[in-house]
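Each chain, written out:
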Amino acid sequence: MKIICLGDSFTQGYLVECNNYTRFLTKAGFEIINLGINGSTTSDMVKRYKKIKNKYKDIDYLIIFGGSNDFLNGESVNLAYSNVKSILDISTAKKNLIIIPPLLEKEDAYPIYDYINDKINDFAKKIYHLDANILDSREIEPYYLDGLHMGKIFHQKLAEKIQKIIKDDING
């Protein structure tokens, strides 16, 4: 099964390198095309996907995992939602899976994180209205490395949830 993973640092594997969810999916036997770039916003992801969407054939799943950088950069929930919807509209994959980003770690030193988390929660409410499989990574126990990025255990659990969604989807 061929999967394109479009995203930001979570998908690239920032701080966890070979222990991110895309690597766990590869180890499980999936053919992964990792299009994650650290610092990407959903606007960046739209541009990147438009450039490559016809390069790869017979894609079974497109996984879209982004939004955190939009909100950290002051972008609106509506813009991030619109970008994800645009990606879905031009997707050439047989199926699409959107991963709602995890919340940032609450830290007194960074009160902005509460504001960002509110935006992530609002984004999630909108995402649930899209016609795609949804995986809410806020439901996975966090294992923070730096307040934003997650460690190996989080990525392993995320990969397991992705595999379950795909298996359930195949088995109808």
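Details of the packing of helix α3 (residues 42-52) against helix α5 (residues 77-90)
The description of two packed helices rests on the angle between their axes and on the distance between the axes. At a closest axis distance of 8 Å, the pairing of α3 and α5 adopts a crossing angle of 15 degrees. Taken together, α3 and α5 sit at an angle that is classed as roughly parallel. Two packed elements cross with a definite hand, and for α3 against α5 that hand is left-handed. Of the residues in α5, those touching α3 at Thr42, Ser43, Met45, Val46, Tyr49 and Lys50 are Leu79, Ala80, Asn83, Val84, Ser86, Ile87 and Ile90. Of the residues assigned to the contact of α3 with α5, the class counts are 8 nonpolar, 4 polar and 1 charged.

Remarks on the pairing of strand β3 (residues 61-65)
Where burial is concerned, most of β3 is hidden: 5 out of the 5 residues are buried. Covered by surrounding structure in β3 are Tyr61, Ile63 and Phe65 together with Leu62 and Ile64, the residues of both alternating faces. Bridging between strand β1 (residues 2-7) and β3 involves 5 bridges; their strand directions are parallel. Residue pairing for β3: Ile4 is matched across the bridge by Leu62. Relative to strand β4 (residues 95-100), β3 is paired through 5 bridges, and the arrangement is parallel. Paired with Phe65 across the bridge in β4 is Ile99.

About the criteria used
Residues numbered from 1 in each chain as written. Predicted model: local features only at pLDDT ≥ 70, side-chain atom pairs only at ≥ 80, totals over all residues. Heavy atoms only, no water. Axes fitted to C-alpha atoms, helices over the stretch in contact; angles between N-to-C directions. Helix = DSSP H or I, 4+ residues; strand = E, 2+ residues; numbered from the N terminus. Parallel < 35°, antiparallel > 145°, perpendicular 65-115°, else oblique. Left-handed = near helix turned anticlockwise from the far one by under 90°. Contact = heavy atoms within 4.5 Å. Nonpolar A, V, L, I, M, F, W, Y, C, P; charged D, E, K, R; others polar. Buried < 20%, exposed > 50% of the residue type's maximum accessible area, 1.4 Å probe, protein only. Pairing = 2+ DSSP bridges.

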